[in-house]
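So the chains spell out like this:
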Amino acid sequence: MEKKSCMILALDVSDREEALKIAEDVSEFVDAVKVGYPLVLATGLGIIRELSEFAPIIADFKVADIPNTNHLICEQVFEAGADAVIVQGFTGRDSLDACIEVASEYGKDVFVVSEMSHPGGAEFLQPVGEAIARMAAQAGAFGLVAPATRPERVKAIRKIIGDKLTIISPGVGAQGGKASDVIAAGADWVIVGRSIYRADSPRKAAREIAAEIEAGPNGEN
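Bear in mind that the values here come from a model prediction, so they are computed numbers and not experimental data.

Sorry, what's going on with the nonpolar core here?
Here is a general trend for soluble globular proteins: nonpolar side chains tend to be buried in one another's company. Of all hydrophobic cores here, the largest spans 79 residues; its most connected members are Met-7, Leu-11, Leu-51, Val-85, Val-110, Val-112 and Ile-196. Excluding residues that lie within four positions of it along the chain, Leu-11 makes contacts with Ala-19, Ile-22, Ala-23, Val-33, Lys-34, Leu-39, Leu-51 and Tyr-197.

Encoded structure:
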């Protein structure tokens, strides 16, 4: 995944035509589109290949099962045309290894959730987030998911993994995270959803956030 704007669109809509229009409108300003259960359950796995015309696709299925089931899920994800998949790390090394093995066969990437961005994400995941980050690095994952709503946690995880893994960071906009702050804390990409797809002009909203990232936290870059 090429890093240009440092922004990923979380496309959590459930209408096919709306999803395709938004993806096309903002494609100039995002490096990837993240799709999850709302859109895929409403429209089918085929939406992944349709959206891939506009940007690389990250399948946010937070895969969390035994190794064999993880293996089967990841096969379907990559056969559908996704460029990367998001998986949970709390299921352990063997389950993660199964995902990475399939990704390697397809030449694709795996992102591992270290911590989630909502308030409840600090209850159970945060205490083990750093251990998950270390495991992901040892297993050869491509990147981690860390919360834009808590830039200090992004900074802590970046310190642990160094430059071994990339960090994608959800929670910008509607959840309260600021894009430029989390990039400065060590994230490679921010993930933005509602602030773009619910905007009157998704294209304008994406352009403004991209400009904020480029300017930096002090607006000086």
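Next comes the rest of the description.
Is there a simple way to explain the packing of aromatic side chains in this structure?
Applying the stated criterion across every chain, the model contains 3 aromatic pairs. Relative to Tyr-106, the ring of Phe-78 has its centre 5.8 Å away and its plane inclined at 35 degrees; by these criteria the two rings are tilted. Here Phe-78 is found in helix H4 (residues 67-79), whereas its partner Tyr-106 is found in helix H5 (residues 93-106), with 28 residues between them in sequence. A cation over a ring is seen here: Lys-3 above Trp-189, with NZ or CZ 6.0 Å from the ring centre.

I'm lost on the pairing of strand S3 (residues 57-63) in this one. Help?
For a regular strand, the rule is simple: side chains alternate between the two faces of the sheet. Burial analysis of S3 places 6 of its 7 residues in the buried class, the great majority of the element. Sheet analysis places strand S2 (residues 32-36) next to S3, joined by 4 bridges and oriented parallel. Residue pairing for S3: Gly-36 is matched across the bridge by Asp-60. Crossover S3 to strand S4 (residues 84-88) through H4 is right-handed.

Would you explain unusual backbone geometry in this entry?
Leaving glycine out, the prevailing phi sign among residues is negative, and the prevailing peptide bond configuration is trans. Even without a glycine there, the phi angle at Cys-6 is positive, about 65 degrees. Although it is not a glycine, Lys-62 sits at a positive phi angle of roughly 40 degrees. Along the chain, Lys-62 falls in strand S3.

Even after reading the chapter, I still don't get H4, so can you show me in this structure?
Given 3.6 residues per turn, any residue in an α-helix points the same way as the ones three and four places further on. For H4, spanning 13 residues, the distance from its first C-alpha to its last is 18 Å, which sits close to the expected 18 Å at 1.5 Å a residue. Within H4, the full set of buried residues consists of Asn-70, His-71, Cys-74, Val-77 and Phe-78. One face of H4 carries all of its buried residues, which in axial projection span an arc of 130 degrees. Those residues of H4 that are buried are in contact with S3, S4, H5 and strand S5 (109-113). Positive phi shows up at Gly-81, right after H4, with a value of about 110 degrees.

I would appreciate a short explanation of the packing of H4 against H5 in the present structure.
The axes of two packed helices give the description: the angle between them and the distance between them. Relative orientation of the contacting elements H4 and H5 amounts to 30 degrees, with a least axis distance of 8 Å. Relative to H5, H4 is oriented roughly parallel. At the point where H4 passes H5, the crossing takes the right-handed sense. Residues Pro-67, Asn-70, His-71, Cys-74, Glu-75, Phe-78 and Glu-79 of H4 form the contact with H5, whose participating residues are Asp-94, Ser-95, Ala-98, Cys-99, Val-102, Ala-103 and Tyr-106. Considered class by class, the residues forming the contact of H4 with H5 number 8 nonpolar, 3 polar and 3 charged.

Before we go on, may I ask you to explain the UniProt feature "active site" (unreviewed entry) in the chain in this structure?
The UniProt feature table records "active site" (unreviewed entry) at Asp-60, Lys-62 and Asp-65. The class of Lys-62 is partly exposed, set by a relative accessible area of 29%. Among residues more than four places away in sequence, those in contact with Lys-62 are Ile-86, Val-87, Gln-88, Val-113 and Met-116. A polar atom in the side chain of Lys-62 sits 2.9 Å from the side chain of Asp-60. Here Asp-65 shows up in the loop between S3 and H4. Not counting the four nearest positions on each side in its chain, Asp-65 is found in contact with Asn-70, Thr-91 and Ser-95.

Looking at this structure, how should I read the side chain of Gln-88?
You can see Gln-88 is positioned in strand S4. For Gln-88, the residues in contact, after removing those within four places along its chain, are Lys-62, Val-63, Ala-64, Val-112, Val-113, Met-116 and Leu-125.

Definitions and limits used
Residues numbered from 1 in each chain as written. Predicted model: local features only at pLDDT ≥ 70, side-chain atom pairs only at ≥ 80, totals over all residues. Heavy atoms only, no water. Core = buried A, V, L, I, M, F, W, Y, C linked by side-chain atoms within 4.5 Å. Buried < 20%, exposed > 50% of the residue type's maximum accessible area, 1.4 Å probe, protein only. Contact = heavy atoms within 4.5 Å. Phe/Tyr/Trp six-rings, centres within 6.5 Å; stacked < 30°, edge-to-face > 60°. Helix = DSSP H or I, 4+ residues; strand = E, 2+ residues; numbered from the N terminus. Lys NZ or Arg CZ within 6 Å of the ring centre and 35° of its normal. Pairing = 2+ DSSP bridges. Right-handed = clockwise from strand over helix to strand, strands pointing away. Expected span 1.5 Å × (residues − 1). Arc of directions from axis to C-beta. Axes fitted to C-alpha atoms, helices over the stretch in contact; angles between N-to-C directions. Parallel < 35°, antiparallel > 145°, perpendicular 65-115°, else oblique. Left-handed = near helix turned anticlockwise from the far one by under 90°. Nonpolar A, V, L, I, M, F, W, Y, C, P; charged D, E, K, R; others polar. UniProt positions renumbered as here; feature names shortened; annotations may be inferred. Polar contact = N/O pair within 3.5 Å; in protein donor to acceptor, adjacent residues only side chain to side chain.

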